[in-house]
Amino acid sequence: MATYFPFLPEQGSRFATGVDTFYFSMVGLTIFFASLIFALILFFSVRYRRRSPREIGADIHGSLPLEIFWSVVPLVIVLGIFAWATELFFTRSNPPANTYDVYVAAKQWMWKVQHPEGISEINELHVPAGRAVKLVMTSQDVIHSFYLPIFRIKQDVIPGRYTSQWFQADKPGKYHLFCAEYCGTNHSHMTGWVHVMEPRDYQHWLSQAGIGTSMVAAGEHLFTSLGCASCHVRDCPPLQGLYGSSVALQDGRTVFAGEAYIRESILAPTAKVVRGYRPIMPTFQGQVSEEGMLQLLAYIKSLAGEAPGKVQK
Ligand code: CUA
């Protein structure tokens, strides 16, 4: 459905077309059945009206074929809707390989964005057009929700967790970004702009913004300044190749070393102790900001040969 409906924002991403087609199909289906039912009610009330005061209605004993017909047809329709919606959901949830990854830390009441090259922005997000972009998001305080109407995406941003959302913007332009979860007094001011740029303009913007310290380098710096390096070469589990692997724990369990595990290990090291090691690591709770945590993650991922933004849950 490529036509422009004035009551919806224009379609700025690949999802937008899919979501709108689904949405209008649902509306169409609903209108069709509502009209059908109203027309039938009208028709039957005229056709089978009482014609004389003494008229007695005919006995009805039901019809099995009819019962099956009006049970099976709606079943097939709703299963079709389910399959269609699920397909949309999976496309939305599974980013393609080689996404361009951007980190977002939300707080009351702003969006802090970090690009892998080291550029930071507040309430602005610059992305190249025609490229799959993935956002890795977390919150410093309460639940926020990253909402880009023109791309038809909305994703909760949750303290203590990483959520991700990907999109591919097709059309260069400047688009509204909103917080879609009530998050306190200035929730309504927690807005921003997404700038979709031609790849060439984007490269230009990157060079104009001045390349800062890349996220991996910033993470490595933090890693050293927090004193992590001294233990993680001798007494603590090595971090090379850790990200994305399976880790055997002291208590016999095995965990997947994704974002959540690494984050927990930094903040609550004794929660999951690696087999063969003693629980000697101190907590870093309160010492690492959410942005710092994202940088540490980028660094630990790079030790596993991963692109800094790769997310696995
Ligand atoms: Cu953040 Cu509403």
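Scroll up to find the structure this text is about.
Rules used throughout
Residues numbered from 1 in each chain as written. Predicted model: local features only at pLDDT ≥ 70, side-chain atom pairs only at ≥ 80, totals over all residues. Heavy atoms only, no water. Buried < 20%, exposed > 50% of the residue type's maximum accessible area, 1.4 Å probe, protein only. Helix = DSSP H or I, 4+ residues; strand = E, 2+ residues; numbered from the N terminus. Pairing = 2+ DSSP bridges. Axes fitted to C-alpha atoms, helices over the stretch in contact; angles between N-to-C directions. Contact = heavy atoms within 4.5 Å. Expected span 1.5 Å × (residues − 1). Polar contact = N/O pair within 3.5 Å; in protein donor to acceptor, adjacent residues only side chain to side chain.

Burial analysis of strand β6 (residues 144–148) places four of its five residues in the buried class, the great majority of the element. For β6 and strand β7 (residues 153–157), the ladder comprises five bridges, and the chain directions are antiparallel. By the bridge assignment, Ser 145 is partnered in β7 with Asp 156. The hairpin formed by β6 and β7 contains four residues between the paired strands, and Arg 152 there has a positive phi angle of roughly 60°. Inspection of the sheet shows β6 paired to strand β9 (residues 173–179) by two bridges, in the antiparallel sense. By the bridge assignment for β9, Tyr 147 is matched with Phe 178.

Looking now at the sheet that holds strand β8 (residues 163–168). With mixed pairing, the five strands of this open sheet are ordered in space as β3-β2-β1-β5-β8. Looking at the sheet topology across the chains shown, the edges are occupied by β3 (120–122) and β8. Across the sheet, the mean angle from the axis of one strand to that of its neighbour is 25°, orientation sign disregarded. Looking at chain direction, strand β1 (residues 100–107) and strand β5 (residues 132–139) are connected through seven bridges and run parallel. Paired with Tyr 100 across the bridge in β5 is Val 133. Across the sheet, helix α7 (residues 290–303) lies against β1, β2 (110–114) and β5, angled at about 155° from β1, the strand it touches most.

Attention now goes to helix α2 (residues 64–93). Between its first and last C-alpha atoms α2 spans 43 Å; for 30 residues at 1.5 Å apiece the expected length is 44 Å, and the two agree. With a side-chain oxygen lying 3.3 Å from the backbone nitrogen of Leu 66, the N-terminal cap of α2 falls on Ser 63.

This part is about the sheet that holds strand β10 (residues 192–197). In spatial order, the strands read β4-β10-β9-β6-β7; together these five strands make up an open sheet with mixed pairing. Of all the strands in the sheet, the pair left with one neighbour each is β4 (124–128) and β7. Averaged over all pairs of adjacent strands, the angle between strand axes in this sheet comes to 25°, irrespective of strand direction.

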